[in-house]
Amino acid sequence: SCWIAGVSFGTWIAMQLLMRRPEIDGFICVAPPSNLYDFSFLAPCPSSGLMVNGDKDRVVPSNSVADLSTKLKTQRGIKIDHEVIPGANHFFENKTDELTDVVGKYVDMRMAKAAKERDLKKEAEREKERERQRQREAEEGEVAVEDDGE
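Note that the structure is a prediction, hence the values are computed from the model and not measured. (Residues numbered from 1 in each chain as written. Predicted model: local features only at pLDDT ≥ 70, side-chain atom pairs only at ≥ 80, totals over all residues. Heavy atoms only, no water.)

Along its 12 residues, helix 2 (residues 62–73) runs 16 Å from first to last C-alpha, staying within 8% of the 16 Å computed at 1.5 Å per residue. Taken residue by residue, helix 2 has Ser-64, Val-65, Leu-68, Ser-69 and Leu-72 as its buried positions. Each buried residue of helix 2 lies within a common arc of 135° when the element is viewed along its axis, so the set occupies one face. Pointing more than 90 degrees away from the buried face of helix 2 are the exposed residues Asn-63 and Lys-71. (Helix = DSSP H or I, 4+ residues; strand = E, 2+ residues; numbered from the N terminus. Expected span 1.5 Å × (residues − 1). Buried < 20%, exposed > 50% of the residue type's maximum accessible area, 1.4 Å probe, protein only. Arc of directions from axis to C-beta.)

So, in structure tokens, the structure goes:
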């Protein structure tokens, strides 16, 4: 699994990379400056991810991050989670534990979901292989019956 993350202006750079690298499965944007930089290149956004900001951020107001998240959520199959950390400023001073908790829970949730999807895919592949084996055995049985009948 390949992920990308950025903080502040780094989120803009990270999202540029996201658009160029199809192997990226998810992203984390911390305090994305959607009020200062044009993120419209994310249409369509190729991956689901998390956007986090603080409600005391004087650089990036919460409503601009919420607007960006809402625009990206309208795309089929893409889920953008948006979390606001109460009392956090742009640098998450004295709120890094809360930031770590939000990001950690999100990544854990996505990893568990990916593992479940992989398990379901593997089981479907095993079932297809069992079906192919049953078909081969049935065909072999028909050939044996024909040989006996000669």
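Turning next to the sheet that holds strand 1 (residues 2–7). Across the sheet, which stays open at both edges, the 4 strands sit in the order 1-2-3-4 with parallel pairing between neighbours. The open sheet has two edge strands with one neighbour each: strand 1 and strand 4 (80–85). Strand-to-strand, the axes of this sheet are offset by a mean angle of 15°, without reference to chain direction. Here strand 3 (residues 48–54) runs beside strand 4; their pairing, made up of 6 bridges, is parallel. Bridge assignment links Leu-50 to a residue of strand 4, and that residue is Asp-81. (Pairing = 2+ DSSP bridges. Axes fitted to C-alpha atoms, helices over the stretch in contact; angles between N-to-C directions.)

Before going further, it helps to spend a moment on the side chain of Ser-47. Within the secondary structure, Ser-47 sits in the loop between strand 2 (24–30) and strand 3. According to the relative accessible area criterion, Ser-47 is buried, its value standing at 3%. In this structure the side chain of Ser-47 is engaged in a polar contact, spanning 3.3 Å, whose partner is the backbone nitrogen of Gly-26. Every residue in contact with Ser-47, bar those within four places of it in the chain, is listed here: Leu-18, Ile-24, Asp-25, Gly-26, Phe-27, Ile-78 and Ile-80. (Polar contact = N/O pair within 3.5 Å; in protein donor to acceptor, adjacent residues only side chain to side chain. Contact = heavy atoms within 4.5 Å.)

Remember that the coordinates give geometry; whether it matters functionally is a separate question.
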